[in-house]
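Here are the chains, one letter per residue:
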Amino acid sequence: GFVDVLSTLLLVITFMLSIFMLGQYFLGQQLNNRDATIESLRERIADLANQLGLAKKSESDAQTELQKLRATLAETEARAAEAAAAKAALEEKGVALTDAEAELALLNQQVEQLRLQLLALQQALDASEAKNKDAQIEIEDLGRRLNEALAEKVKELADYRSEFFGRLKEILADRPDIKISGDRFVFQSEVLFAVNSAELSEQARSDLSALADALKEIMGEIPPDIDWVLRVDGHSDKRPISTPEFPSNLHLSAARAIAVVRFLVAMGVPANRLAATGFGDQRPIDPAETDEAYAKNRRIEFKLTEP
């Protein structure tokens, strides 16, 4: 009877909630793992870069020592050559050669030791250069992997942006004065404000309420580790304005962006997810000096982006 149907319904709801919670758990685990990977890659790159810096300093010191050894070897070889020449000259004169032979033997021994030191140092330097080359290759590989991981986060935000704009397009369908342009949602200023005013019209409040509802809905789906803001950009046409309230186009465009942000906050959108920006007439869509171009340039743009 009714009790059996109710019991079955409760079981189905409980099962669906369990599946949802399990999905959320695995999603959270996946996000945590990805962030841990990003942090691990950054730490490894920093550690390798530090090691590479120290190794290059050691290489520089070794190169200096190598140059000194080569200079000492050249000097000792020259002295050995002089001693050999002196010994030969003494031999021709029949002079006793004990001291000359001892000096020559010592110099030859020093030359041999210097050559061995030079060889050992050159081998160590070659090994260090090879190791540094491997470290540089690893840094480049880690950098590529880090960029891929960061790009994945950017792609996630792009996916949510696409979904957000898609929902808005459905909600505000058949409105020629509201459109999507690239990664921005564009309202012509006349839709939201009266001429030279920063006070929202009744139609504006209705349209922005729909926008706020869509934003709050998508907010619940964006993972907490993805940092984002909805940037509200105010734009004016190039015709100058100078009133006590708005001394310039920049003041007017900024005031309109702030008015939109304040309304969205009042509708329940967190203030830390909103940013108001005024561009004045500095970024026109249409550079022509016609009423149609001026109308296009007077606009409010919304962009879901990173802070």
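Scroll up to find the structure.
Below you will find a few notes about this structure. Remember, it's a predicted structure, so these values are computed and weren't measured experimentally. Each chain carries its own residue numbering, running from 1 in the written order of its sequence. Confidence filtering applies because this is a predicted model: local features only for residues at pLDDT of at least 70, side-chain atom pairs given and counted only at 80 or more, and all residues used for totals across whole chains, interfaces and linings. Excluding hydrogens and water, the side-chain figures rest on all heavy atoms present in the structure.

## Description of the nonpolar core
Only buried Ala, Val, Leu, Ile, Met, Phe, Trp, Tyr and Cys residues count toward a nonpolar core, and they belong to the same one when joined by side-chain atoms within 4.5 Å. Using a 1.4 Å probe on the protein chains alone, a residue whose accessible area is under 20% of its type maximum counts as buried, one over 50% counts as exposed, and one in between counts as partly exposed. Judged by nonpolar contacts, the single largest core of 31 residues is most densely connected at F187, L192, L230, V260, L264 and F302. Only runs of H or I of at least four residues qualify as helices and only runs of E of at least two qualify as strands under DSSP, and these elements are numbered from the N terminus. Contributions of two or more residues to this core are made by α2 (98-171), β2 (184-188), α3 (189-192), α4 (202-219), β3 (229-235), α5 (249-266) and β5 (299-305). Counting residues in each nonpolar core, the second largest holds 11 residues, with L66, V111, L114 and L125 among its members.

## Observations concerning the environment of R273
Mapped onto the elements of the fold, R273 is located in the loop between α5 and β4 (274-278). Assessed through its relative accessible area of 17%, R273 is described here as buried. Between the C-alpha atom of R273 and that of L230, which follows or precedes it by 43 residues, the distance is 6.0 Å. It only takes one pair of heavy atoms within 4.5 Å for two residues to be counted as in contact. With near-sequence residues (within four places) excluded, R273 lies in contact with I226, D227, W228, V229 and L230. In the analysis that follows, any N or O atom pair within 3.5 Å is treated as a polar contact, provided that within protein one partner can donate a hydrogen and the other can accept it, and provided that, for residues neighboring in sequence, both atoms belong to side chains. A distance of 3.0 Å separates a polar atom in the side chain of R273 from a polar atom in the side chain of D227.

## Observations regarding the sheet that holds β4
The sheet built from 5 strands is open, its strands ordered β1-β2-β5-β3-β4 with mixed pairing. The sheet terminates laterally at β1 (178-181) and β4, the two strands that pair on one side only. This sheet shows a mean twist of 20° between the axes of neighbouring strands, independent of strand direction. Across 4 bridges, β1 lies against β2 in antiparallel orientation. Counted as the bridge partner of I178 is F187 from β2. Orientation is described by axes fitted as lines to C-alpha atoms, over the contacting stretch for helices, and by angles from 0 to 180 degrees between their N-to-C directions. Lying over the sheet, α4 contacts β1, β2, β3, β4 and β5, oriented at roughly 5° with respect to β5. Each of β3, β4 and β5 touches α5; the most contacted strand, β4, lies at about 165° to it. Only strands that DSSP links by at least two bridges are regarded as paired with each other.

## Overview of the packing of aromatic side chains
For Phe, Tyr and Trp, where Trp contributes only its six-membered ring, two rings pair if their centres lie within 6.5 Å, and the inter-plane angle classes them as stacked under 30 degrees, edge-to-face over 60, or tilted in between. All told, the structure shown has 2 aromatic pairs when counted by the stated rule. Ring geometry for F185 against F187: centres 5.9 Å apart, planes inclined by 50°, an arrangement best described as tilted. We classify F185 as buried; its relative accessible area is 2%. Judged by its relative accessible area of 0%, F187 is buried. Counting every residue linked through ring pairs, the aromatic cluster contains F185, F187 and F302.

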